[in-house]
Amino acid sequence: MPKRVDHDERRTQIAEALVRVAGRRGLHAVGMRDVAAEAGVSLRLVQYYFQTKENLLFHGLQHLTDRFTARVGARLAAVPDPSPRATVEALLLASLPTDEEGRTFHLLYTSYSILSVTDEALAAQPFIDKPNAAEDAVTGLLRRAQEAGLADPGVDARTEAISLLAMTATLGTSIIVGQRTPESAIAVLHHHLDRIFQQRRD
């Protein structure tokens, strides 16, 4: 009896190959043939599942997002103190390229964003949905901290959330290009968290 093929598993296998090869060579330089070779399958099989390179890239983006969501979840699960500050810190640290997985995510998500500027098909993807969700989550945590007297009530939670996320993205790029070490980037992040998570002194 022939072995039953798990199509979702096969798509995941191919998407993982895309992430690996793009992480080494850059997303712009990756073709379907490269992904097939990396996955150890035929080009015909990749074409069967995704038809076009655009479809493959779409699926790769979703797979990358799912992996990052799992990474954040693991970070949060490991936080012994589920306070607003600890939760915000875990969320931000998960997006810094301090390990190989973080480096791959930062590099590829940035590449997807840049390609979407000139690729109409990629531009149609909901790139801002996840960043908006992250912004809303951090804003909510900051407001909770303010209500509990754990953060300066004089700061605007939404503005600080935007600033923290933008700063973390920029720090991530500075780590990727070798401008600063992960340790120095984390120190900068802690500096800003210390500023926010303190009670206002009258």
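Residues numbered from 1 in each chain as written. Predicted model: local features only at pLDDT ≥ 70, side-chain atom pairs only at ≥ 80, totals over all residues. Heavy atoms only, no water.

Draft legend 1. Layout of the overall build of the protein chain. Helix and strand counts for the protein chain come out as 10 helices and 0 strands. Each helix and strand of the protein chain, placed in order from N terminus to C terminus, yields the pattern α-α-α-α-α-α-α-α-α-α. Judged by the C-alpha coordinates and their principal axes, the protein chain covers about 75 × 40 × 30 Å. When the accessible area of the protein chain is evaluated, it comes to approximately 11400 Å², of which 54% is carbon and sulfur surface. Taken together, the 23 basic and 25 acidic charged side chains of the protein chain have centroids lying 5 Å from each other. (Helix = DSSP H or I, 4+ residues; strand = E, 2+ residues; numbered from the N terminus. Areas by Shrake-Rupley, 256 points an atom, 1.4 Å probe, with all protein chains shown as cover. Lys, Arg positive; Asp, Glu negative; His and termini not counted. Charge placed at Lys NZ, Arg CZ, Asp CG, Glu CD.)

Draft legend 2. A look at unusual backbone geometry. Phi angles above zero are rare outside glycine, and Gln51 is one such case at about 65 degrees. Its location among the elements puts Gln51 in the loop between α3 (43-50) and α4 (53-77).

Draft legend 3. Spatial organisation of the pattern of salt bridges. The final tally for this structure, using the stated rule, is 13 salt bridges. Close ionic contact of Glu38 with Arg24 constitutes a salt bridge, the shortest N to O distance being 2.6 Å. Placement of Glu38 in helix α2 (residues 32-39) and of Arg24 in helix α1 (residues 7-25) is noted, with a sequence separation of 14 residues between them. Here Asp194 ties to Arg85 by a salt bridge, and the two come within 2.7 Å at their closest N and O atoms. (Salt bridge = Lys/Arg side-chain N within 4 Å of Asp/Glu carboxyl O.)

Draft legend 4. The arrangement of the packing of α4 against helix α6 (residues 100-118) in detail. Direction vectors running N to C along α4 and α6 enclose 140 degrees, while the axes themselves pass 11 Å from each other. Considering the angle they form, α4 stands oblique to α6. In this structure, α4 meets α6 at a crossing whose hand is left-handed. Note on element contacts: α6 touches α4 through Glu101, Gly102, Phe105, Leu108, Tyr109 and Tyr112, opposite Leu57, Gly60, Leu61, Leu64, Arg67, Phe68 and Arg71. For the contact of α4 with α6, the residue count by class is 8 nonpolar, 2 polar and 3 charged. (Axes fitted to C-alpha atoms, helices over the stretch in contact; angles between N-to-C directions. Parallel < 35°, antiparallel > 145°, perpendicular 65-115°, else oblique. Left-handed = near helix turned anticlockwise from the far one by under 90°. Contact = heavy atoms within 4.5 Å. Nonpolar A, V, L, I, M, F, W, Y, C, P; charged D, E, K, R; others polar.)

Draft legend 5. Highlighting helix α5 (residues 84-95). Taking 1.5 Å of rise per residue, the 12 residues of α5 would be expected to cover 16 Å, and the 17 Å separating its terminal C-alpha atoms lies within 8% of that figure. Along α5, 10 of the 12 residues are buried, which leaves the element largely enclosed by surrounding structure. (Expected span 1.5 Å × (residues − 1). Buried < 20%, exposed > 50% of the residue type's maximum accessible area, 1.4 Å probe, protein only.)

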